[in-house]
2 protein chains.
Amino acid sequence: MALHPVVLCGGFGTRLWPASRPGRPKQFLPLTGPNSSFQETLLRLAGLGAERPIVVTGPAMADEARAQAKAVGVEPVLLIEPEPRNSGPAAAAAAAYVKALDPEGVILLLAADHHIGEPEKFCKAARLAAQAASAGRIVTFGLKPDRPATGYGYILPGERLSEGVFAVQTFVEKPDPETAKRYVAEGRLWNSGNFAFRADVLLAEMAAFEPAMAEAAEAAVRAASGDGGVLRLDPQAFARAPAKSIDYAVMEHTKCAAVVMADFTWSDLGAWPAIRDAGEPDANGNVVTGEARLVDVKNSLIRTDGPLVAAIGVEGLAIIVDGDAVLVCPLDRAEEVKAIAEQLKARER
Amino acid sequence: MALHPVVLCGGFGTRLWPASRPGRPKQFLPLTGPNSSFQETLLRLAGLGAERPIVVTGPAMADEARAQAKAVGVEPVLLIEPEPRNSGPAAAAAAAYVKALDPEGVILLLAADHHIGEPEKFCKAARLAAQAASAGRIVTFGLKPDRPATGYGYILPGERLSEGVFAVQTFVEKPDPETAKRYVAEGRLWNSGNFAFRADVLLAEMAAFEPAMAEAAEAAVRAASGDGGVLRLDPQAFARAPAKSIDYAVMEHTKCAAVVMADFTWSDLGAWPAIRDAGEPDANGNVVTGEARLVDVKNSLIRTDGPLVAAIGVEGLAIIVDGDAVLVCPLDRAEEVKAIAEQLKARER
């Protein structure tokens with residue numbers, strides 16, 4: 001069984017403004033250390049003995065993706081989406097590409113913008129997931145929640161299928177706070193948005209539930225242009241694929257769903273509090289990147305790409321200095337950054 | 001009676017970091033509008049029909065002082081102090097210079113870093129002060145306190161001397177908070193640090209209480225170099241003057257002290273809260289200079305010399321973006337900025 005890593009690297013992420021900008025999506029930013037989460041995702045594969053990674057990205061991001069991969073010694077195949085159409089068409093196109101190359105190949109589908117604390121635990125879970133995938137399952141990585149977050153999908157594991165892998169009994173996307181609390185108490189798992197599946201299995205399941213998506217993605221690969229290192233999906237064909245996530249297109253319907261119990265520290269780096277949580281706090285709970293003078297500052301996130309930040313007497317605050325913008329915002333209101341970022345984007349147009 | 005305005009323009013002001021820096025003292029910054037407080041001080045004289053202004057400043061600030069004065073159409077005489085030695089020697093040197101020019105001349109001694117809301121009220125008080133000064137009094141401008149500040153001197157007015165002018169019964173510098181409250185209730189006045197006196201009267205009083213200061217300042221003027229527009233005080237002579245404020249050197253001892261009741265809005269722009277108070281607040285009490293996006297922000301001071309500042313859900317905060325530094329600090333802790341500014345200055349050395 002050959003394992004083909006596919007990294008979905010076409011997203012944006014307005015909630016990390018002012019670090020993430022329209023021309024500089026969050027997966028390319030060094031948010032938790034010297035490397036970007038895209039680079040960390042590639043480096044994490046080293047322990048798996050996997051095939052050449054495939055990176056699905058947009059035309060405007062391809063050069064950055066290639067350069068960042070090269071900087072960590074990886075030369076991936078680039079699958080260029082003519083336009084972003086959510087994760088379903090991207091996964092299907094990757095599956096069609098892999099299926100033509102390796103009819104029984106297993107895909108490890110990974111987000112480029114996640115943080116994982118322990119690469120060795122990730123590799124162990126990925127191996128177990130790949131085994132179950134090889135046997136025909138579409139396996140998602142389930143993580144033990146550390147809080148009743150309402151932004152994730154919750155999985156109730158059912159029957160044990162193999163070591164560490166269970167059938168999915170029910171899957172509920174984004175519950176309300178009360179339900180989320182109950183789910184955490186019941187031992188349901190977060191759906192991390194990373195998957196393992198056989199290329200042919202994904203395409204067959206998609207053909208059953210979203211035939212237009214499967215057809216469009218396969219046609220976009222057949223009519224793609226480019227050489228071995230870069231494959232440009234055919235724009236006309238790809239545009240026919242409904243823009244839906246793989247969760248809605250396949251996971252909600254398939255009887256093949258399974259979950260691998262993963263025990264690594266995980267974050268989708270969704271907003272500034274996640275960046276703080278993924279960092280190394282000092283004795284006062286502050287996570288600092290760049291030069292800062294802090295007097296009586298607690299549990300805050302300070303990031304600056306140049307100017308000195310001096311802060312006095314604040315708690316739980318995000319102070320982000322990036323290029324031509326400065327953000328000051330309580331970490332517990334960091335979701336509201338999205339609205340500001342979108343306003344500014346609209347103004348630039 | 002000729003009135004000679006003397007503007008003391010040699011200070012620094014570390015509490016307005018990061019706007020004020022060692023090479024860019026606060027009197028030269030546009031803190032309350034398009035002009036600096038030094039420029040506002042010169043412009044305020046227009047209504048007085050006074051003589052050519054005299055600006056006492058340091059060698060490193062002389063060019064900036066001349067340029068800023070020129071920008072508002074004023075060409076002052078520059079009296080260059082070889083080193084900063086507090087306000088006593090500066091006032092004495094100005095007095096010695098004016099006395100040689102105009103033996104009965106009256107000096108209006110003004111700080112370059114104060115904000116005054118109503119120039120016409122200032123001019124009225126200055127005229128009354130100058131009349132009393134001409135009759136031999138050393139007149140300070142007394143202001144009705146709007147809070148029990150502990151950072152100022154408090155004056156208890158005594159016998160009425162002339163229109164708006166009273167003898168000083170007692171003067172107490174920087175009381176504790178309880179005493180300050182009592183003083184405000186008793187109707188004592190703040191000493192604003194601006195004065196009117198005859199040049200010869202100040203020198204005579206100083207000769208009585210601080211003879212070394214008077215002698216050194218007079219010698220520094222006699223041995224000064226330069227032409228009509230710029231006078232460089234003699235370094236050896238000036239260095240002999242004890243470095244004391246005019247308050248300690250003369251006002252605490254003299255029997256000639258008087259106070260003019262002034263009713264203009266006044267601020268010494270001492271720290272960031274004073275800059276907020278002197279500005280035009282929006283409907284949420286925010287004073288904003290530069291480009292900002294504010295969401296649920298109240299009673300805050302936002303200043304930026306370029307980058308966009310986005311703030312969400314903060315109250316009573318100072319956010320100051322200036323050159324290579326960013327300050328975030330509750331306005332009620334803005335005094336602590338001084339310590340950071342001094343640390344940074346020490347590091348630069």
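The model shown is predicted, which means the values in this text are computed figures rather than measured ones.

Basis of the calculations
- Residues numbered from 1 in each chain as written.
- Chains lettered and ligands numbered in written order.
- Predicted model: local features only at pLDDT ≥ 70, side-chain atom pairs only at ≥ 80, totals over all residues.
- Least-squares fit on C-alpha atoms with pLDDT ≥ 70 in both.
- Contact = placed C-beta atoms within 7 Å.
- Axes fitted to C-alpha atoms, helices over the stretch in contact; angles between N-to-C directions.
- Helix = DSSP H or I, 4+ residues; strand = E, 2+ residues; numbered from the N terminus.
- Parallel < 35°, antiparallel > 145°, perpendicular 65-115°, else oblique.
- Left-handed = near helix turned anticlockwise from the far one by under 90°.
- Nonpolar A, V, L, I, M, F, W, Y, C, P; charged D, E, K, R; others polar.
- Domains from an automatic or database assignment.
- Pairing = 2+ DSSP bridges.

(A) Layout of the relation of the copies chain A and chain B. Mapping chain A onto chain B calls for a rotation angle of 179° and an axial translation of 0.0 Å; the resulting RMSD is 0.0 Å. The superposition of one copy onto the other is thereby described by a two-fold rotation axis. When the interface residues of chain A are mapped onto chain B, 100% of them are again interface residues, pointing to one common binding face.

(B) The arrangement of the packing of helix H1 (residues 37–44) of chain B against helix H2 (residues 62–71) of chain B in detail. Residue and element names in this part refer to chain B. Running from N to C, H1 and H2 cross one another at 50°; their axes reach a closest spacing of 9 Å. Between H1 and H2, the angle falls in the class oblique. The element H1 and its partner H2 pack so that their crossing is right-handed. Judged by residue contacts, Phe-38, Gln-39 and Leu-42 of H1 engage Ala-65, Gln-68, Ala-69 and Ala-71 from H2. A class-by-class count of the residues in the contact of H1 with H2 yields 5 nonpolar, 2 polar and no charged.

(C) Just the domain arrangement of chain A, in detail. Residue and element names in this part refer to chain A. Looking at the assigned domains, one finds that chain A contains domain 1 (3–267) and domain 2 (272–348). Look at where the C-alpha atoms of domain 1 and domain 2 centre, and you get two points 29 Å apart. If you look at the interface, domain 1 gives 11 residues, while domain 2 gives 18 residues. Here the residues of the side of domain 1 that touches domain 2 sort into 6 nonpolar, 4 polar and 1 charged.

(D) Summary view of the interface of chain A and chain B. At the interface, 22 residues of chain A touch 22 residues of chain B. Elements supplying a minimum of two residues to the side of chain A that touches chain B: strand S14 (292–295), strand S16 (308–312), strand S17 (317–322) and strand S18 (325–330) of chain A. No other element matches S18(A), which puts 6 residues into the side of chain A that touches chain B. Here S18(A) pairs with strand S16 (residues 308–312) of chain B via 4 bridges, running parallel. Note on S16(B): the bridge partner recorded for Leu327(A) is Ala310(B).

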